[in-house]
Amino acid sequence: MRLTGLLLGATAVLTLAGCGSGGSSESVPPTATGSLERLAAEVKCTPNMQTDADEIRQAICRNGDGRFILATFATDRGQREWINDAKDYGGHYLVGRKWVAVGDDGVVKALRGTLGGDLEEGTDHHAHSG
């Protein structure tokens, strides 16, 4: 997918910083649904649209918790393919039905408190020492 390469570059910019993971004992609300604009409104950010295509809509957002990418997908399969490709670049992912938020660990965990969803981690290439 030609589009995947463009998206991965944008994702890598935001996800290279921040390592580590941790559990959360906080209660998680039901997973949010809706358009990119609706999800952005839920977390109080004004989306800066980067991609507006039939299969994916992607924006860079910033709110009080930090900066993150918010993307919505036309299909579940398209979403899973994008996430699987993006995880090779590391990062922290909050995944809902046909949407994903990508950012630093703390930002993604804070977004989860509003949007619900599942936390996923990318591959950590920085853990290797030589």
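Above this text you will find the structure in question.
Nothing here was measured: the structure is a model prediction, and the numbers come from that model.

Cut-offs and rules
- Residues numbered from 1 in each chain as written.
- Predicted model: local features only at pLDDT ≥ 70, side-chain atom pairs only at ≥ 80, totals over all residues.
- Heavy atoms only, no water.
- Pairing = 2+ DSSP bridges.
- Helix = DSSP H or I, 4+ residues; strand = E, 2+ residues; numbered from the N terminus.
- Axes fitted to C-alpha atoms, helices over the stretch in contact; angles between N-to-C directions.
- Contact = heavy atoms within 4.5 Å.
- Phe/Tyr/Trp six-rings, centres within 6.5 Å; stacked < 30°, edge-to-face > 60°.
- Salt bridge = Lys/Arg side-chain N within 4 Å of Asp/Glu carboxyl O.
- Buried < 20%, exposed > 50% of the residue type's maximum accessible area, 1.4 Å probe, protein only.
- Arc of directions from axis to C-beta.
- Core = buried A, V, L, I, M, F, W, Y, C linked by side-chain atoms within 4.5 Å.

Draft legend 1. Summary view of the sheet that holds strand 2 (residues 56-63). The strand order across the open sheet built from 6 strands is 1-2-3-5-4-6, with neighbouring strands paired in antiparallel fashion. Each of the sheet's edge strands pairs with one partner strand only, and the pair in question is strand 1 (48-52) and strand 6 (118-121). With strand direction ignored, the average angle separating the axes of adjacent strands in the sheet is 20°. As defined by bridge partners, strand 1 adjoins strand 2 across 4 bridges and the pair is classed as antiparallel. Opposite Thr-51, over in strand 2, you have Gln-58 as the bridge partner. Across the face of the sheet, helix 3 (residues 76-86) comes into contact with strand 2, strand 3 (66-73), strand 4 (92-96), strand 5 (99-103) and strand 6 while running at roughly 170° to strand 4.

Draft legend 2. How the structure looks around the packing of aromatic side chains. This structure, assessed with the given rule, holds 1 aromatic pair. With 5.6 Å between their ring centres and 55° between their planes, Phe-73 and Trp-82 make a pair best called tilted.

Draft legend 3. A look at the pattern of salt bridges. Scanning all chains against the criterion turns up 8 salt bridges. The salt bridge partner of Glu-42 is Arg-38, with a shortest N-O separation of 3.9 Å. On the criterion of helical spacing, the pair formed by Glu-42 and Arg-38 is a turn pair, its members being 4 residues apart in helix 2 (residues 36-42). In this structure Arg-38 comes out as partly exposed when scored by relative accessible area, which is 43%. Across the salt bridge formed by Arg-80 and Glu-120, the nearest N and O atoms sit 2.9 Å from each other.

Draft legend 4. Structural view of helix 3. If you check which residues of helix 3 are buried, you get Gln-79, Trp-82, Ile-83 and Ala-86. Across the axial projection of helix 3, the buried residues extend over an arc of 95°, all falling on one side.

Draft legend 5. Spatial organisation of the nonpolar core. By size, the foremost hydrophobic cluster in this structure holds 17 residues, and its most contacted members are Phe-68, Leu-70, Leu-94, Ala-101, Leu-111 and Leu-115. Contributing elements (two or more residues each) for this core: helix 2, strand 2, strand 3, strand 5 and helix 4 (105-115). The biggest single contributor to this core is helix 4, with 4 residues. Ala-71, Ile-83, Ala-86 and Tyr-93 belong to the second-largest nonpolar core, a separate cluster that totals 11 residues.

Draft legend 6. Examining the environment of Pro-29 more closely. Its place among the elements puts Pro-29 in the loop between helix 1 (2-15) and helix 2. A residue is classified by how much of its surface remains accessible, and Pro-29, at 24% relative accessible area, is partly exposed. Each C-alpha atom, one on Pro-29 and one on Arg-112, is 7.9 Å from the other, the two residues being 83 residues apart in sequence. Residue contacts for Pro-29: discarding those within four places in its chain leaves Arg-112, Gly-113, Thr-114, Leu-115 and Gly-116.

Draft legend 7. Examining the pairing of strand 2 more closely. Counting buried residues in strand 2 gives 6 out of 8 residues, a clear majority hidden from the surface. The hairpin formed by strand 1 and strand 2 contains 3 residues between the paired strands. Bridge count for strand 2 against strand 3 is 8 bridges, and the pairing is antiparallel. Looking at strand 3, one finds that Arg-57 is bridged to Thr-72.

Fair warning: the whole summary comes from geometry, so function is off the table for now.
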